[in-house]
Amino acid sequence: VSDLTPELLSVAVETPRHTAVGTLLDYHHGQRLPAGTLVQVPLGRREVPGLVWDRPADPAPRPATVRAVAQVLDALPPLDADWRSLVDFAAAYYQRGVGELALAVLPPELRRLDATQLARRLGRLPAAADAAPAAPPRPLLNEEQQAALQALQAEVESAAAAGRAPAPLLLHGVTGSGKTEVYLHAAESVLAAGRQALVLVPEINLTPQLEARFAARFPGRVLVSLHSGLTPAQRLRHWLLAHLGRAELVLGTRLAVFASLPRLGLVVVDEEHDPSFKQQEGARYSARDLAVWRAHRQRVPVLLGSATPALETWQRVQEGRYRRLPLEQRIGGGAMPRVRLVDMGRLPRPGPGQERALAPALLAALHERLARGEQSLLLLNRRGYAPVLHCGACSWKSGCPHCSAWRVFHKGDRTLRCHHCGFTERVPRACPECGNLDIAPVGRGTEKLAEQLAQLLPGARIGRIDADTTRGVGRLAQELAAVHAGEVDVLVGTQMVAKGHDFRRITLVAAVNPDAALFSSDFRAPERLFALLMQAGGRAGRDAAQAAASEMWIQTWHPQHPLFAALARHDYAAFAAQQLAERRAAGMPPFAALALLRADARTPETAAGFLQAAQDAAAALPEAAGVTLYPPVPPPVARVADVERMQMLLESPSRAALQRLLTAWLPSLHALRAGHKGLLRWAVDVDPLAI
Ligand code: ADP
Ligand code: ZN
Ligand code: ZN
């Protein structure tokens, strides 16, 4: 058959990972097709979408029969070399198949359409805007903002002169320091030059706000969003507009880093430290890291914005690889709130049978706010009423039968709910073990805190925002609107309220019980806590008039902890230096590269057995030199929905060495799997966020 084929093509298709088939397959077609062309090809008995890919220099021996491309969807201009190299890099780095990743990051709808349908969709798209109307008036930049933009311009020019990529720029400023205004100005010059800007934000919830701001600044320009909250048709339309170069601004969540942008001129990653930029399933990629890689490869500037940069980013600033552009003043002169640490250990003990949610001084401060008609925000990172129910007679606890976790007591609907697998039952009237009627909630979640506040602050309007109160489309926006409208005096919420939302009337923020993060087994927990508290504090006193009185309260048993000391001075640099010293001493990122191999099975023995065999296979490879392989261990919650999970950590001071081992080793695991019956799946996570 192959003798008759004028053109042999490599096609990236989505083959299931567990088949040992590589993801670049050979097909033939009557004529040459440019790389990046969307096609349909036969695979087994099905027809699947594929992308014509660059032919490897040494293609694998071709099978005896090469099948023909079934359909060419050439109404779609081919995905360009920059896009393909981003996918090639990401697939190699995160250890996935090229085809698997390439197809997974296309809009799902694109894979379903045939040539006719696609042509019709393309025909219906709006044309590019002709002449952009004059930009509306915009604020005069302050000195720091001007300096940041000048530094950006200078970096772009000197990089171009030297024939290198501009260094990534860290726009380092707290909420309200004018970062977004800098993004807008940077985008403006990029658009004026006829190029596209890509702006990434951590959460879908943050897109409408930002989209409105960009749309108002650039009337007449085509601006699209890309995130998982769009309908399939919208997502396809937006993606196509970007791919055709008609959308000048693309704003989106992590998946937007893979948008096809033929005229990319600027990349912005807002709140670059946010863990949401890391995809947690499938190809576990970091959109922040890929954004930096992409900008570097395409030699366009990348702006990373944050008040509390990721320690990885900060370390690169220290090494001179990234440049820091400080924004130290808040616009309008607002100060950061005064931080007040409450030493819980020095409070008088509450009376017998009583428990204390809030220190008396904090309660008094809340009363004061109420009297002045100001709002307060209480942060508690635990939803539900109480994390566990307990029987005092027989010490039964409300465990989940399917997970190694407690079921949480939700008082509103009187249920016990597992937050890992969702298993829900009505609360038993009596202890299921011994019949004792006196089963009691232990600990406190947002539901209980809100209830206690209603008693402690009679007459106050208490609001609560967490994942339970915001189920359903538009609920979060509604609840936030109520806060903005002044319908809430005291808002109780999980970390979900601390992100990005602008609460101008809040003058007091309190972290009710943040200590768990100080001693967590997760080495990134302090970093996340610091970022959360800085961000939450940044919500307070955005109005200069109120800023003088705005406060951030921390209830802690460890007031001496360096994290709180740095927070009290709003001193990110000191916190980062202390954390980086610890990380360096412990050989943790950013001073070491990590990867996790995870295995899921019906029994822990099976999962551990597979990981151990995998480890033995790795240890036998020459590439294992310089890489430490740790024994398989269960993650903090080992069993979820009756699946036993185990994981194995790989660590190396050299990222390249770790990559070489993974590349040499992982393909052999497909075969290894066969010998471990009961193994459900395995996966690798490169640069895991939590270990
Ligand atoms: P950030 O992104 O750091 O939170 P923003 O860019 O949103 O900060 O700025 C905070 C507020 O100040 C916004 O309402 C913005 O419109 C306004 N602002 C920003 N820069 C200026 C400026 N130079 N002059 C006047 N107002 C500004
Ligand atoms: Zn009991
Ligand atoms: Zn469960």
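A brief structural summary. These figures come from a predicted structure and were not determined experimentally.

**Quick word on unusual backbone geometry**
Trans is the common state for peptide bonds, and a negative phi is the common state for residues other than glycine.
Right, on to step 1. For the peptide bond that leads from P589 to P590, omega is 5°, which places it in the cis range.
Right, on to step 2. Relative to the elements of secondary structure, P590 occurs in the loop between α17 (572–586) and β25 (593–601).
Right, on to step 3. Positive phi, close to 50°, is recorded for A641, a residue that is not glycine.
Right, on to step 4. Within the secondary structure, A641 is located in the loop between β27 (639–640) and β28 (643–652).
Right, on to step 5. A641 sits in the partly exposed class, given a relative accessible area of 39%.

**With respect to helix α6 (residues 179–192)**
Two residues of an α-helix separated by three or four positions point the same way, owing to the 3.6 residues in each turn.
Right, on to step 1. For α6, spanning 14 residues, the distance from its first C-alpha to its last is 20 Å, which sits close to the expected 20 Å at 1.5 Å a residue.
Right, on to step 2. Most of α6 is tucked away, with 12 of its 14 residues classed as buried.
Right, on to step 3. If you check which residues of α6 are buried, you get K179, T180, E181, V182, Y183, L184, H185, A186, A187, E188, V190 and L191.
Right, on to step 4. G194 occupies a position one or two residues after α6 and carries a positive phi of about 80°.

**Thoughts on the coordination of the zinc ion (ligand 2)**
Right, on to step 1. Distances from the zinc ion (ligand 2) to its protein donors, C391 (SG), C394 (SG), C431 (SG) and C434 (SG), fall within 2.3 Å.
Right, on to step 2. In the primary sequence, the donor residues of the zinc ion (ligand 2) line up as C-x2-C-x36-C-x2-C. In this pair, C394 sits in the loop between β16 (388–391) and β17 (408–410) while C431 sits in the loop between β19 (424–426) and β20 (439–442), placing the two residues 37 residues apart along the sequence.
Right, on to step 3. C394 sits in the partly exposed class, given a relative accessible area of 31%.

**Brief notes about the pattern of salt bridges**
Right, on to step 1. Per the stated rule, a full pass over the model turns up 42 salt bridges.
Right, on to step 2. As a salt-bridge pair, R112 and E109 come within 2.8 Å of each other at their nearest N and O atoms. Of this pair, R112 and E109 both sit in helix α3 (residues 108–112), 3 residues apart, roughly one helical turn.
Right, on to step 3. Put simply, R475 and E479 hold a salt bridge, and the shortest N to O gap is 3.3 Å. Here R475 pairs with E479, and both are found in helix α13 (residues 475–484), just 4 residues apart, close to one helical turn.
Right, on to step 4. Linked by salt bridges that have partners in common, R340, E368, R369, R372, E374 and E551 make up one network.

**Let's talk about the site of ligand 1**
Right, on to step 1. Around ligand 1, the structure places 16 residues, and the nearest of them are L140, Q145, G176, T180 and R213.
Right, on to step 2. A distance of 3.3 Å separates an oxygen atom of ligand 1 from a polar atom in the backbone of S177.
Right, on to step 3. The backbone of G178 places a nitrogen or oxygen atom 2.9 Å from an oxygen atom of ligand 1.
Right, on to step 4. It is α6 that provides the largest number of residues to the shell around ligand 1, a total of 3 residues.
Right, on to step 5. Residues of the shell around ligand 1, tallied by class, amount to 5 nonpolar, 7 polar and 4 charged.

**Examining the sheet that holds strand β6 (residues 71–72)**
Right, on to step 1. Ordered by their spatial adjacency, 6 strands build an open sheet running β5-β2-β1-β4-β3-β6, and the pairing between neighbours is mixed. What marks the edges here is a single partner per strand, and that holds for β5 (67–68) and β6.
Right, on to step 2. Where strand β3 (residues 38–43) lies against β6, 2 bridges are found, and the strand directions are antiparallel. Counted as the bridge partner of Q40 is Q71 from β6.

Thresholds applied
Residues numbered from 1 in each chain as written. Chains lettered and ligands numbered in written order. Predicted model: local features only at pLDDT ≥ 70, side-chain atom pairs only at ≥ 80, totals over all residues. Heavy atoms only, no water. Helix = DSSP H or I, 4+ residues; strand = E, 2+ residues; numbered from the N terminus. Buried < 20%, exposed > 50% of the residue type's maximum accessible area, 1.4 Å probe, protein only. Expected span 1.5 Å × (residues − 1). Donors = N, O, S within 2.8 Å, 3.2 Å for Na, K, Ca; no water. Salt bridge = Lys/Arg side-chain N within 4 Å of Asp/Glu carboxyl O. Near = heavy atom within 4 Å. Polar contact = N/O pair within 3.5 Å; in protein donor to acceptor, adjacent residues only side chain to side chain. Nonpolar A, V, L, I, M, F, W, Y, C, P; charged D, E, K, R; others polar. Pairing = 2+ DSSP bridges.

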